[in-house]
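# Reading the structure
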Protein chains: 2
Amino acid sequence: MAAAAAAAAAGSAGARRGPVLTPECMNPAIRRVEYAVRGPIVIRATEIEQELRKGVPKPFTEVIKANIGDAHAMGQQPITFLRQVTALCLCPELMKDESLPSDVKERAQRLLEACGGHSAGAYSASPGLQMVRESVARYIERRDGVPANADDIFLSTGASDGIVNMLKLLVCGSGASRTGVLIPIPQYPLYSAALAELEAAQVNYYLAEERCWALDVAELRRALAEGRRRCNPRALCIINPGNPTGQVQSRECIEQVIKFAYEEKLFLLADEVYQDNIYAEGSAFHSFKKVLMELGPPYADSVELASFHSISKGFMGECGLRGGYMEVVNLHPEVKAELSKLVSVRLCPPVPGQMILDTIMDPPKPGEPSYERFQAEKEAVLSALAEKARMTEEIFNRTPGIHCNPVQGAMYSFPARPGRCQTGAPDMFFCMRLLEETGICVVPGSGFGQKEGTYHFRMTILPPTEKLKILLEKLSSFYTKFVQEFS
Amino acid sequence: MAAAAAAAAAGSAGARRGPVLTPECMNPAIRRVEYAVRGPIVIRATEIEQELRKGVPKPFTEVIKANIGDAHAMGQQPITFLRQVTALCLCPELMKDESLPSDVKERAQRLLEACGGHSAGAYSASPGLQMVRESVARYIERRDGVPANADDIFLSTGASDGIVNMLKLLVCGSGASRTGVLIPIPQYPLYSAALAELEAAQVNYYLAEERCWALDVAELRRALAEGRRRCNPRALCIINPGNPTGQVQSRECIEQVIKFAYEEKLFLLADEVYQDNIYAEGSAFHSFKKVLMELGPPYADSVELASFHSISKGFMGECGLRGGYMEVVNLHPEVKAELSKLVSVRLCPPVPGQMILDTIMDPPKPGEPSYERFQAEKEAVLSALAEKARMTEEIFNRTPGIHCNPVQGAMYSFPARPGRCQTGAPDMFFCMRLLEETGICVVPGSGFGQKEGTYHFRMTILPPTEKLKILLEKLSSFYTKFVQEFS
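Fair warning: this is a prediction, and the values are worked out from it, not measured in the lab.

A separate point is the relation of the copies chain A and chain B. Relative to chain B, chain A is turned by 180° and slid 0.0 Å along the rotation axis, the superposed coordinates differing by an RMSD of 0.0 Å. When the rotation and shift are considered jointly, the pair of chain copies conforms to a two-fold rotation axis. It is A87(A) whose C-alpha, among those of chain A, lies nearest the rotation axis, at 2.1 Å. Comparing interface residues between copies, 100% of those in chain A also sit at the interface in chain B, which points to an isologous, same-surface contact.

The next point concerns the environment of T392(B). Residues and elements named next belong to chain B. Inspection of the secondary structure assignment puts T392 in helix 14 (residues 371-398). In this structure T392 comes out as buried when scored by relative accessible area, which is 0%. Along the backbone, T392 and K474 are 82 residues apart, and their C-alpha atoms lie at a distance of 12 Å. Dropping the residues within four chain positions of it, T392 is found in contact with S413, I461, L468 and L472.

On to the sheet that holds strand 3 (residues 179-185) of chain A. Residue and element names in this part refer to chain A. Spatially, seven strands are ordered 2-8-7-6-5-3-4 in an open sheet, and the strand pairing comes out mixed. Looking along the sheet, the strands with just one partner apiece sit at the ends: strand 2 (153-156) and strand 4 (201-206). The mean angle between the axes of side-by-side strands here comes to 25°, regardless of whether they run parallel or antiparallel. Pairing between strand 6 (residues 267-271) and strand 7 (residues 305-310): four bridges, direction parallel. Bridging across to strand 7, A270 finds its partner in S307.

Below, the discussion takes up the interface of chain A and chain B. If you look at the interface, chain A gives 109 residues, while chain B gives 110 residues. Carbon and sulfur atoms supply 57% of the area buried between chain A and chain B, which totals about 9,000 Å² over both sides. Together, R17(A), L21(A) and Y123(A) form the three largest contributors to the area buried by chain A at its contact with chain B, with a combined 9%. There are eight salt bridges connecting chain A and chain B. R346(A) is the salt-bridge partner of D161(B), the closest N and O atoms lying 3.8 Å from each other. A class-by-class count of the residues in the side of chain A that touches chain B yields 54 nonpolar, 26 polar and 29 charged.

Residues I185(B) and P186(B) are joined by a peptide bond in cis, for which omega reads 0°. Its location among the elements puts P186(B) in the loop between strand 3 (179-185) and helix 8 (190-198). For the bond running from N243(B) to P244(B), omega is 10°, close enough to zero to count as cis. At C212(A), a residue that is not glycine, the phi angle is positive and equals roughly 55°. Assignment of secondary structure puts C212(A) in the loop between strand 4 and helix 9 (217-228). One non-glycine residue, A410(B), lies in positive phi territory at about 60°. Mapped onto the fold, A410(B) is located in the loop between helix 14 and strand 9 (412-413).

Cut-offs used in this document
- Residues numbered from 1 in each chain as written.
- Chains lettered and ligands numbered in written order.
- Predicted model: local features only at pLDDT ≥ 70, side-chain atom pairs only at ≥ 80, totals over all residues.
- Heavy atoms only, no water.
- Least-squares fit on C-alpha atoms with pLDDT ≥ 70 in both.
- Contact = heavy atoms within 4.5 Å.
- Helix = DSSP H or I, 4+ residues; strand = E, 2+ residues; numbered from the N terminus.
- Buried < 20%, exposed > 50% of the residue type's maximum accessible area, 1.4 Å probe, protein only.
- Pairing = 2+ DSSP bridges.
- Axes fitted to C-alpha atoms, helices over the stretch in contact; angles between N-to-C directions.
- Buried area = accessible area lost by both parts, 1.4 Å probe.
- Salt bridge = Lys/Arg side-chain N within 4 Å of Asp/Glu carboxyl O.
- Nonpolar A, V, L, I, M, F, W, Y, C, P; charged D, E, K, R; others polar.

This is the structure we're talking about:
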């Protein structure tokens, strides 16, 4: 109050009035937030693009942004059926266009009937259009072979939105009793950013790089014990398939994690946005929901789970549309009501993203006019990704000093440079040099977390196959030169 | 820690494991959040709709949701140009459709060129597509006659998203030093909800109902003094045109508010989402930015301002697309960098909403193929709204006991029932009875805040003119009956 009164007095006296909001007096939790996927490297990459446009000479002609899982930006074409349906929903007068298949028109018609005033411009219900929630529930049933209920589905503005909302509900307390959340290291930095913003405690468990980034329950136990010394760990987050690490968890591992969560009374957050992105022989996606239900009681009827999915990844890559969903399992009914209230404050997720989600959850069926094209486009994307996953691993591992685990799933490689790096150059330095000399934009491992003394970077496998090959070879030569220069 | 250990022990011992997340141990700040616009009345309205569909007999045949500013849900048709452009961006193969005007195709082409990989499915830059930020800056310059800079424009997921992000930056401290924010009463409940969630202090200033909901600087001064006794008031929020109150502020009032913010060192948050919705003779919209710049130094170069706009209101009513922007003025450069970082964590606002925003900020010009249709559609919506604003005021004021201020702007009436209500029935009771007996869904005044002892409700003016007339007359008769029954 004294400060406020002084400030007011200074103002009234006509002294030079400084700003209200300064770095020193802004929300300190926001200052602590870090998000490397769009951090300094990416800001510099954008500057370089502008310099190239102005004709500044560089040793390369274009910047390749391999920093973010943004398939369309890398040239992947949208899946036709998804876009035709959404375009028709936005502009129903195009129904008369004879080039559009009948199943596209029929789907657009049904989606519009599900909207207020038959318009995509009306707010949907806050958890999403009922029709789309039903499509999601049926998709989950087909995927898992166990029942799903539309009332447990909350559509979201990308997966990030759902994840942050669940974390918001979980956070409470302060000091040693504040909520802790176990997250993998390396992690996708949305988690560390959200926990910093919410002033919750981040409890790190390390994935085993030497065993293809496997999740080890003994390590969970160690991390939990460490966490309990300084906070109240209440939730366990798993990213499967892994981001940035690309591993696909075995069914056995998932069972162990669920039992661990049961015993230690942890809420499970399963980030499963890469569930369609599985490439390695012998790897398969098992949803936490399916494994939990199949374990039966006491697990199936007590372990709380929120699972997240997105339209931004998979074979569709519709990042710009901002769609996704969360399924909640065993959530306390009153907490579910609080979640419903929380999402209502932001009114609703973007309706076009909900429409795209519907077309993915309920794709064309055999015999329908759009089926063949849809299947062909989907399979072309997924087989190219599988090829690029293999190629990435191979070219990196051919480079002396770089080690890259198999990219079993997701969209990234996370190769390591030597543990005791001859250069000693920190991650950011390496990535910035790479950018300045080759135009290749990747994210330093430090942005995701890594064991002390190890050095990584994350690179997407999304550029077109031929371009990715050139890029990997450029990166490989750069690395060799970099080691010579700095060792 | 003791609690956590006990819980773990109970788990290991195989005792019945209760849920991790219960109403008692969830985030208490989220529990305190209220959002009446989609609260219990609306939940009941949705149930009644389902009952009607099942054939349950009711004294009405449909529910009319006059609770929320959702124009399309009330039957308003989308503006053709906006939708044609966005549909083409989503499905560029429709470029060959000969029914689409050339300026639609040209705009879609330019927007796609501004997108990564020429696809609406790529993430945009986190503050939005540069092309759209430029369109917004040019729009503001035309509106205000003073310079605007695209670097100060942050696109958002509806206006709510921008508002919450600015509040997040402003919040700090705890107890008597925690951030306080002055908000009008009555207010749009996003503000109270966001402040509750962020654990900031809400400092109420009351609008003068007896003077058409005018904002009075003496009342700001009173509120500030009251706030300083319990928190550190750092920001002042203004909603102009008013929601739920519909008043349009005079230029003189805005000048006074700016001088007050300067003297008292307050950050200004100007919610200007209804800037196109001005109906009353003699009322005009003056943006805070324009008035601030025209006041010159020391105001123009020191008062910090964030102004918010949206695609959900105005003549377009594109709520479902979730688009909007915030313009920041005099923001400390490092705080602006922190804002850029904060928005990057959520990657980007929905791209289709950005595209719609572009078409609104940069509409067809005279002589272009879409100009006539665009103007005609826009003017039809705005003149119908003006007519409905007048009709609402008139029919309410014809009803003994109800007083309704002129709806000068925005989309709502906020009529009062007698201060010392004969019935004593609280707001919620009145609105619930109204819903059950007539199918009309309105929001109790308590959801927005009101002076103690006064009773209001908020009703949109959005239903089609003929329907609105019937609705107002039904409401008027219901009120007369209600007063007889409960007095």
